[in-house]
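This is what each chain is made of:
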Amino acid sequence: MATIGYYQRPACESSARALRAKIRRHWPAAAFLLLAACAAPPEIELTGRQGPLEPVLVDSRANVQLFALPEPGPSYAIFVDGTITTDTAEAFRELGAAAYARQARAPEIRVHLGESFGGQLEPSLAMGAQIREAGWDTRIETICASACVLVWLAGDTLSVSPDAHVAVHSASYQVRGLGVPLWRSEAGNRLIAEYLAALGYPSEVAEFFTGSTPWWFEMWTAEDSARLGVEVEVW
């Protein structure tokens, strides 16, 4: 079975520890943005019984990589990292299609979400729709916030690493290129509610997103998973 190795620069690791030590129920958006700004794209390593695995395909437009995995387990892993944009969604779609093209029968794929503070709403919903239609599993490695969580929730089986942090907030209009929320987007919140309802989640899950402000991250805890009826595996 392949395992994931996920590495950050030491300076960012110390910043992450300092911020995580201050976690309460809410994280201000500034804390997440500070951690995001310090982090260079992490080094990603998947390891099987025979040692590190090399990605089969890497899309240069976005941090999306496709790995072939040894048996037993899923045939492939798609690793997604960083801000979710239209490029991310397109790369995700193309790498998923490439995995299908590499073998005669439909492959079993697990989607790994590395460190993402969210991104654009509509590309994230498109990725989630692709995941749900294909029946892929999803896993959070380190930090998954905002629109990243919407992608994760589309998985057939949801899992997180023991050190993962999951956080949500309502949709917002933002300063282009900066990711700074200006005010709530009710149109965006309606899209979130419709999307989660289509995935089969109760209205309380959508309310957990849309009931918060755009300027604070609401931490998703194990207690929240139980309260909302969302089954999450930790491994």
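Data block above holds the structure.
Below, the structure is looked at part by part. Every value quoted in this text rests on a predicted model; they were computed, and no experiment measured them.

1. Some words on the overall build of the protein chain
Thought 1: The secondary structure content of the protein chain amounts to eight helices and 15 strands.
Thought 2: Look at the contacts in the protein chain between residues 6 or more apart in sequence, and 65% of them connect residues 24 or more apart.
Thought 3: Carbon and sulfur atoms make up 54% of the accessible area of the protein chain, which amounts to about 11300 Å² in all.

2. Things to note about the pairing of strand β8 (residues 109-116)
Thought 1: β8 sits mainly inside the fold: eight of its eight residues count as buried.
Thought 2: Here strand β7 (residues 76-81) pairs with β8 via five bridges, running parallel. Among the inter-strand pairings, Val 80 is bridged to a residue of β8, identified as Leu 113.
Thought 3: Read from β8 through helix α4 (residues 121-134) to strand β9 (residues 137-145), the crossover connection turns out right-handed.

3. Topic: the packing of aromatic side chains
Thought 1: On inspection of all chains with the given rule, the structure shows four aromatic pairs.
Thought 2: When the centroid spacing of 5.9 Å and the interplanar angle of 70° are considered together, the rings of Phe 92 and Trp 136 count as edge-to-face. Within this pair, whereas Phe 92 is found in helix α3 (residues 86-101), its partner Trp 136 is found in the loop between α4 and β9, the two being separated by 44 residues in sequence. Note on accessibility: Phe 92 and Trp 136 belong to one class, buried.
Thought 3: Taken together, the ring pairs in this structure connect Phe 92, Tyr 100 and Trp 136 into an aromatic cluster.

Criteria and cut-off values
Residues numbered from 1 in each chain as written. Predicted model: local features only at pLDDT ≥ 70, side-chain atom pairs only at ≥ 80, totals over all residues. Heavy atoms only, no water. Helix = DSSP H or I, 4+ residues; strand = E, 2+ residues; numbered from the N terminus. Contact = heavy atoms within 4.5 Å. Areas by Shrake-Rupley, 256 points an atom, 1.4 Å probe, with all protein chains shown as cover. Buried < 20%, exposed > 50% of the residue type's maximum accessible area, 1.4 Å probe, protein only. Pairing = 2+ DSSP bridges. Right-handed = clockwise from strand over helix to strand, strands pointing away. Phe/Tyr/Trp six-rings, centres within 6.5 Å; stacked < 30°, edge-to-face > 60°.

In short, geometric facts, not functional conclusions.
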